[in-house]
Amino acid sequence: MLIGQELCKALFNDEYQYVLAVHVDHEHIHNHIVLNNVNFYTGKTFETEFNQGKIPERAWSKLRQVSDELCKKHHLSVIESPEKSKGKSHYEWEIDKQNLSWKAQLKQAIDEVIKVSEDFNDFLAKCAEFGILVDYNPDHKIDLKFMLAEQKKRNPRAKFTRAKTLGWFYESKQIARRIETYKYMTTHAPKARLIPTTAERFQQSQGLQNWADRENMKVVSKALNEMTADNSTIEELESAAHRALAKFTVSSAPMFSMSNRLHEIDEQISVIEKFNKFHPYHKQYVSLEGKAKTKYKSDYNDELSEYREVYQKMKELFPDGNPPKLKALRAERETVQKEYDELCAERTAYKKEADRLSRLARQKRDSQKTVQRYLQNEQAAKRKKSQLE
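This report concerns the structure included in the present document. No experiment lies behind these values; they were computed from the predicted model shown. (Residues numbered from 1 in each chain as written. Predicted model: local features only at pLDDT ≥ 70, side-chain atom pairs only at ≥ 80, totals over all residues. Heavy atoms only, no water.)

## Some details on the overall build of the protein chain
Condition: The way it works is that DSSP assigns letters per residue, a run of H or I at least four long becomes a helix, a run of E at least two long becomes a strand, and they are numbered from the N terminus. For every residue, the accessible area (1.4 Å probe, protein chains only) is compared with the maximum for its type, and the residue is labelled buried under 20%, exposed over 50%, or partly exposed between those bounds. Contacts are assigned to residue pairs with any non-hydrogen atoms lying within 4.5 Å of each other. For the accessible areas, the method is Shrake-Rupley and the probe is 1.4 Å, while residue cover comes only from the protein chains on display.
When helices and strands are counted, the protein chain shows 16 helices and 5 strands. Within the protein chain, the fraction of its 389 residues that count as buried is 28%. If you take every contact in the protein chain between residues at least 6 apart in sequence, the share linking residues at least 24 apart comes to 58%. Carbon together with sulfur atoms contributes 51% to the accessible area of the protein chain, which is approximately 26400 Å² in total.

Right, dumping it as structure tokens:
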């Protein structure tokens with residue numbers, strides 16, 4: 001607080017009103033200053049009095065210099081060589097605090113766009129609002145790519161990330177389905193039909209009105225039964241549905257990780273099997289000399305060529321030169337496949353539960369609106385009857 005007061009006195013010279021607040025609820029204690037921009041002696045604004053001339057001479061440009069001097073005076077740390085660093089927005093600071101990679105940041109941003117999109121085309125249009133660059137071409141096999149605008153800004157040579165690289169959940173078809181699912185979870189439309197008895201023909205015919213009242217009461221009775229079913233409120237059902245959907249969403253990450261690992265294992269097994277198949281040809285070739293070696297190369301050129309290719313692949317996959325045993329890889333694959341299948345079953349169960357709870361919540365909300373519409377119709381009908389009388 002004292003340092004903040006000294007800073008304000010140095011900058012404003014007791015000629016401007018200000019409010020100083022100290023944030024002590026964060027790891028980095030800091031000040032917030034709100035300034036009345038008008039000098040209460042001269043009536044001139046802060047910009048008019050101090051922001052003329054060259055930028056280095058302006059009062060606000062000296063803020064860091066004054067602040068650093070005060071911090072040093074009170075034995076606090078300052079940023080060395082600030083001209084070499086770039087300031088961060090609050091969003092960037094939060095992301096860095098979470099230690100998220102560009103890919104994780106991108107996925108997080110896409111998730112937020114999905115929540116506010118009406119359909120896939122609307123999603124593409126709104127990506128820019130969330131700082132996401134999109135490359136979508138439905139005619140290409142790789143139809144959807146993303147990049148954070150901030151990433152492109154920091155590195156102009158940065159490349160777009162394929163949606164498939166982010167995971168199955170971020171491919172075009174899945175994004176469209178996620179938008180539909182989210183809208184399904186958050187919207188509702190009453191389907192029960194009530195007969196509006198405010199029409200003149202009902203007011204002039206008691207028999208017709210009695211019939212309409214009976215039909216409406218049937219609808220309302222069913223709605224009331226649905227409202228009291230399960231002894232759960234709409235909020236409780238929606239909350240439970242969201243939790244189930246969250247579990248479904250969260251379980252996607254390990255599933256994709258397992259899927260990637262299965263692909264890795266399959267590739268490793270294939271390369272090792274191929275290496276074992278063609279390595280004997282290479283071994284035989286290097287054991288020969290002279291004409292025998294030349295003739296062997298001529299006879300088995302294709303096999304030797306296959307060996308050279310698979311040898312390079314082995315070096316890429318196992319740079320330490322110690323490939324795992326095939327038996328161990330096959331055992332790991334069996335284990336991962338079993339876990340993958342179990343997780344798929346869990347995800348399916350989560351999705352079914354989320355759908356079931358959503359249907360119940362929507363049904364209750366529809367029933368609630370049906371009762372409200374019934375009461376409104378009854379009140380309107382009574383007013384109409386009184387007017388006619």
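## A word on the sheet that holds strand E5 (residues 161–162)
The strands making up a sheet associate through hydrogen bonds between their backbones, and the pairing can be parallel or antiparallel. Quick reminder of the rule: A pair of strands is labelled paired if DSSP reports no fewer than 2 bridges between them.
Taking strand neighbours across the sheet as the criterion, the 3 strands line up as E3-E4-E5 in an open arrangement whose pairing is antiparallel. The sheet is open, and its two borders are formed by strand E3 (132–136) and E5, each paired with just one other strand. Alignment of strand E4 (residues 144–148) against E5, held across 2 bridges, turns out to be antiparallel. Residue Phe146 lies in a different strand from E5, and its bridge partner there is Thr161.

## Points about the pattern of salt bridges
Quick note on the threshold: Here, a salt bridge means any Lys or Arg side-chain nitrogen found within 4 Å of an Asp or Glu carboxyl oxygen.
This structure, assessed with the given rule, holds 12 salt bridges. Where Glu332 meets Arg261, a salt bridge forms, and the shortest distance between an N and an O atom there is 2.9 Å. Taken together, the residues Glu332 in helix H16 (residues 326–388) and Arg261 in helix H13 (residues 252–287) connect sequence positions 71 residues apart. Judged by relative accessible area, which is 29%, Glu332 ranks as partly exposed.

These results come straight from atomic positions and should not be treated as a statement about function.
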